[in-house]
Amino acid sequence: MEFAELIKTPRVDNVVLHRPFYPPVEGTLCLTGHHLILSSRQDNTEELWLLHSNIDAIDKRFVGPLGTIIIKCKDFRIIQLDIPGMEECLNIASSIEISEWRLSYVNKEFAVCPSYPPAVIVPKAVDDEALRKVATFRHGGRFPVLSYYHKKNGMVIMRSGQPLTGTNGRRCKEDEKLINATLRAGKRGYIIDTRPLNVAQQARAKGGGFEQEAHYPQWRRIHKSIERYHILQESLIKLVESCNDQTQNMDRWLSKLEASNWLTHIKEILTTACLAAQCLDREGASILVHGTEGTDSTLQVTSLAQIILEPRSRTIRGFEALIEREWLQAGHPFQQRCAQSAYCNSKQKWEAPVFLLFLDCVWQILRQFPCSFEFNENFLIMLFEHAYASQFGTFLGNNESERCKLKLQQKTMSLWSWVNRPSELSKFTNPLFEANNLVIWPSVAPQSLQLWEGIFLRWNRSSKYLDEAYEEMVNIIEYNKELQAKVNLLRRQLAELETEDGVQESP
Amino acid sequence: MEHIRTTKVEQVKLLDRFSTSNKSLTGTLYLTATHLLFIDAHQKETWILHHHIASVEKLALTTSGCPLVIQCKNFRTVHFIVPRERDCHDIYNSLLQLSKQAKYEDLYAFSYNPKQNDAERLRGWELIDLAEEYKRMGVPNSNWQLSDANRDYKICETYPRELYVPRIASKPIIVGSSKFRSKGRFPVLSYYHQSKELNAMANRAAGKGYENEDNYSNIRFQFVGIENIHVMRSSLQKLLEVNGTKGLSVNDFYSGLESSGWLRHIKAVMDAAIFLAKAIEAESASVLVHCSDGWDRTSQVCSLGSLLLDPYYRTIRGFMVLIEKDWISFGHKFSERCGHLDGDPKEVSPVFTQFLECVWHLTEQFPQAFEFNEAFLLQIHEHIHSCQFGNFIGNCQKEREELKLKEKTYSLWPFLLDDQKKYLNPLYGSQSQKSAVLEPNTVSFNFKFWRNMYHQFDRTLHPRQSVFNIIMNMNEQNKQLEKDIKDLESQIKQRKNKQTDGILSKELLNSVRPESPALKATLSLKEQALLPVNDVLRTIEGSSPADNRYSEYADEFSKAEPAVVSLEYGVARMTC
């Protein structure tokens, strides 16, 4: 890729340049394929021409809408650019930043990690040979890979399987090097282990384990407790059973709702995702997330953190991409987890509503920020349905490798190709959507969480009146758009008439 | 005022109720004759009406000062830390005095002055006219008449003067019946349902014991089992205790909700009202409702039943009428139930709050059936306790007349009507819901915890964007846009007419007409000045650093070597 292709904002006005021994200069900043140029557009004023290759490091700072980029050059010079507008500043910064990441095809044949896709993003400083070694040290060969890059400050979320330390504290130099390679000098990172400490300790007996402080001194480990497998499945079974009982009295309903623990799982997952998002956005620290395999609770956390942090993942296309990246490509075993649902008696250990819990968490955030998502509840319900039973190939198989072997691309249709047709898309579009570039922090208090009625009470009560109300809401919004367009048109007409009159009267 | 010794205390901390790391705002506390006011460093004001204070508690002295916890009847809970114990003590004593008045005349309503003259005030009181309401219902008629038996409150002190009874009920019958009923509350008409086939009605009476079935032919009995005021009081108390817990877990929340029994009680009231409405609508049967005294549970069931049957009561004005009729005039003891005066705490009970909650549940199930919105219910709840208006002061009409409330205080209703815009439901009006008899579904899962009531002031627990407000504002904006369009169209028409008039004379002069830069300027200016600014509506609360859910997180993180990170109420903190 040419550098020029990376330039998102080639020109910004009103940029102030500070450099040693000179008064500040205000001017226009331009990015070309080779140079960063600042020109005051006045004669006799020196301009700045800086080769991209002279940039050694950059720092970003924000005070309100004003962004500052500090460029440290290879010739030891340090200059500062004040750029109005956060987006412009981020775009400039990301264009001149030297990427610390690379695409690796080490898993091209699915030999290094059967549940990873052929291409993964890893630190530039680590070569494929090292990756192979790290894979032997991580559960299921799932070596740490990039999950999300936070543009605002360059911090990242990585995910992996648990380290295979075993009882005798095995270590792997390449693993340590890999994850340290993601830290900036002097920075500390956080490892979010989705298991409680005692579970992580017990895992050592089976060859698993967690990162020892002594070997990962720059990393602070935080243990959370997100449940897995049959505990989640039983929770779902209890919840659905309770929702289906129309005759139970209030006490019984509330105690069964409580006993199902469903909302406790929701709270735990959301809390962990908020924590991850906070580490990045508020602490300016990178994180590594894993549990045991790194295919379930890990993905819940990394994907929800992106919903919180990244506005794009709250759009329809962005959310589809998130599912594709963080669930399908990341190797969440859909075939196993979604083989059966709440009614089946033959309970298999690997069945679990991990993906449904994720969707429920998204729904909870959507309810708290109803204007920040491009999609509506129906979109989430549709995804739930297709994860469990679908005429499309998208959710078939347990990972990319299986999907390749099954030749799904040749033999089946993609869900997205159907969903993205305008006629379908209109059903899933949130009429209240207004792009919101902020990080959205949900409340995880029990009073703020709710039972997802659209899923769990869907077949237990009529939603006629609620649907009618929703339609009315859509009508009001549509009508508003119409009226605005009409007012605009009329104002323009009137302005034209006024000017005509003016011209007629003046000569 | 003689109760106020300290009027201003600086450097007071207001603690975040749910923060386990004692996040707080520092500011100044002021004590006025009517309010306690806290102004924080961001100049944000928190006003607490003395009458709203349910309890004041002074906790043990801490290193940072003396904690003062105030719980309000509108479910606001504030936790102050006053630096000096003496100040805290002064404020504590003042609030104890100010929040519990001994006589009616000391209540806020008697000093509240909205700058209206006597005529305006009187018009306010006449806004809701119950005689009109009975006329609307279709009484008096061939079966029902206005009785003058209670004109001087001789038969029943807690009933209004004007009562509607069956035509065959002569005065001796009324007197006899009243002697047989608790507090003389004989059966009278509460609501008369005009339906196509048959006229049916609901009425009310007081009980204490129940009728012997043998003596009442053609009558079916139904016991619905709504608990008494004491059970309801302690139920709410339990609910509030659970919800005030810091770091509440999901399981504790639901087991607390269950053991408080609150939603069970709400469902019981709703079921009774549905039974009543069904009997009248589907079976064309008349219904007599009573409990023991007939001013608590009876009021709940009659008013809610009427609301299900008659769409009029689901309008803003109709709802006011309903409250005036079934609650105020029939002697729901507002002053005792709300604890307006320093009286028997055992008489306090959230009976009316339950009624409002039932209405809220109905608005949730039938989003288009009500002209008013949730804010209307919350505002009424605010004012049954505020004692700012005369409507809810006293325990029955007789007492209100003795207090001369209509001369000395103002009525709430005209103020709510003036502010109507705030209380309109933008979705109101679907024919299927607007005019129908409502048949709510009372399966347990349809009852949800009413967060906006019980956590009204705990903003961190609320959604950060409100669909409802957006739609409400949009609806308002649509009306404005419709007006704008009319204006613009008529202006354009005028211009065009003027042009055609002038065109003949000026045509020759204007054969060439370059597009002037002025035109472009006007155009772009017009576009910018255009009305809709949805950004404001969609602004996310809490996006400012001062108000952010995570604002305390940053400080905590900078502490050395934290070992565990935990989140509470969406606000993360670190414990060492």
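Our structure is the block above this text.
Since we're looking at a predicted model, the values are computed, not measured.

A. Up close: the sheet that holds strand β1 (residues 8-15) of chain B. Residues and elements named next belong to chain B. Overall, antiparallel pairing links the seven strands, which are arranged β4-β3-β2-β1-β7-β6-β5 in an open sheet. Of all strands in the sheet, those bounded by a partner on one side alone are β4 (45-49) and β5 (53-58). Averaged over all pairs of adjacent strands, the angle between strand axes in this sheet comes to 30°, irrespective of strand direction. Examined bridge by bridge, β1 and strand β7 (residues 77-82) share three bridges and lie antiparallel to one another. Along β7, the bridge assignment pairs K13 with I81. Packed on one face of the sheet, helix α1 (residues 85-99) meets β1, β2 (24-31), β3 (35-40), β5, β6 (66-72) and β7 and runs near 155° to β5.

B. Structural detail: the environment of B:R233. Residue and element names in this part refer to chain B. Note that R233 resides in helix α5 (residues 229-243). In this structure the C-alpha to C-alpha distance between R233 and V351, which are 118 residues apart in sequence, comes to 8.5 Å. Among residues more than four places away in sequence, those in contact with R233 are P345, K346, E347, V348, S349 and P350.

C. The pairing of β3(B), seen in detail. Residues and elements named next belong to chain B. For β3, the buried fraction is high: six of the six residues fall into the buried class. Where burial is concerned, the two faces of β3 agree: the one with H35, L37 and I39 and the one with L36, F38 and D40 are both buried. Direction of pairing for β2 relative to β3: antiparallel, over a ladder of five bridges. Following the sheet pairing, G27 is matched in β3 by D40. The antiparallel hairpin formed by β2 and β3 contains three residues in its connecting segment.

D. Structural context of the packing of aromatic side chains. Across all of its chains, the model carries 50 aromatic pairs over all chains by this definition. An angle of 75° between the planes, with centres 5.6 Å apart, marks the rings of B:Y159 and B:F330 as edge-to-face. Of this pair, B:Y159 sits in the loop between β8 (144-147) and β9 (163-166) while B:F330 is found in the loop between α9 (316-329) and α10 (334-337), placing the two residues 171 residues apart along the sequence. For B:F330, a relative accessible area of 1% translates into the label buried. Here the aromatic rings of B:F253 and B:Y254 are separated by 5.0 Å at their centres, their planes lie at 75°, and the arrangement is edge-to-face. Looking at B:F253, the relative accessible area reads 2%, which means it is buried. What makes B:Y254 buried here is its relative accessible area of 9%. A network of ring pairs unites the aromatic residues A:F319, A:W327, A:F334, A:F355, A:F358, A:F373, A:F375, A:F379, A:F395, A:W416 and A:F428 as a single cluster.

E. Structural detail: the pattern of salt bridges. Inspection of the entire model under this criterion finds 52 salt bridges over all chains. The partner of A:K133 in a salt bridge is A:E174, with the nearest N and O atoms 3.7 Å apart. Highlighted residues: A:K133 in helix α2 (residues 128-137) and A:E174 in helix α3 (residues 173-180), separated in sequence by 41 residues. A:K133 gets classed as partly exposed once you look at its relative accessible area, which sits at 43%. Take A:E174: its relative accessible area is 24%, and that puts it in the partly exposed class. A salt bridge links B:D106 to B:K103, with the shortest nitrogen-to-oxygen separation between them at 3.3 Å.

F. Main features of the sheet that holds strand β14 (residues 287-290) of chain A. Residues and elements named next belong to chain A. With mixed pairing, the five strands of this open sheet are ordered in space as β10-β11-β14-β12-β13. A strand with exactly one partner marks an edge of an open sheet, and here the two such strands are β10 (145-150) and β13 (219-223). Strand-to-strand, the axes of this sheet are offset by a mean angle of 20°, without reference to chain direction. Both strand β12 (residues 189-193) and β14 contribute to a ladder of four bridges, which runs parallel. Bridge pairing in β14 links I192 to V289. The sheet strands contacting helix α7 (residues 262-281) are β10, β11 (155-159), β12, β13 and β14, and the helix crosses β12 at an angle near 170°.

Calculation notes
One numbering rule holds for all chains: residues counted from 1, following each sequence as written. Here the convention is simple: chains get letters from A, ligands get numbers from 1, in the order in which they are written. It should be noted that, the model being predicted, local features are given only for residues of pLDDT at least 70 and side-chain atom pairs only at 80 or more, the latter also being counted only at that level, while totals for whole chains, interfaces and linings use all residues. Only hydrogens and water are set aside when side-chain values are computed; all heavy atoms of the structure are taken into account. For two strands to count as paired, DSSP must find a minimum of two bridges between them. Helix and strand definitions follow DSSP, with helices as H or I runs of at least four residues and strands as E runs of at least two, each counted in order from the N terminus. Note on method: axes are straight lines fitted to C-alpha atoms, helices fitted across the in-contact stretch only, with angles between N-to-C directions ranging 0 to 180 degrees. The criterion used for residue contact is that any of the two residues' heavy atoms lie within 4.5 Å. Burial classification: accessible surface area is computed with a 1.4 Å probe over protein chains only, and a residue below 20% of its type maximum counts as buried, one above 50% as exposed, and the rest as partly exposed. Stacked, tilted and edge-to-face are the three classes applied to pairs of Phe, Tyr and Trp rings, where Trp contributes its six-membered ring and a pair requires centres within 6.5 Å; stacked means planes under 30 degrees apart, edge-to-face means over 60, and tilted covers the rest. The rule for a salt bridge is simple: a side-chain nitrogen of Lys or Arg has to be within 4 Å of a carboxyl oxygen of Asp or Glu.

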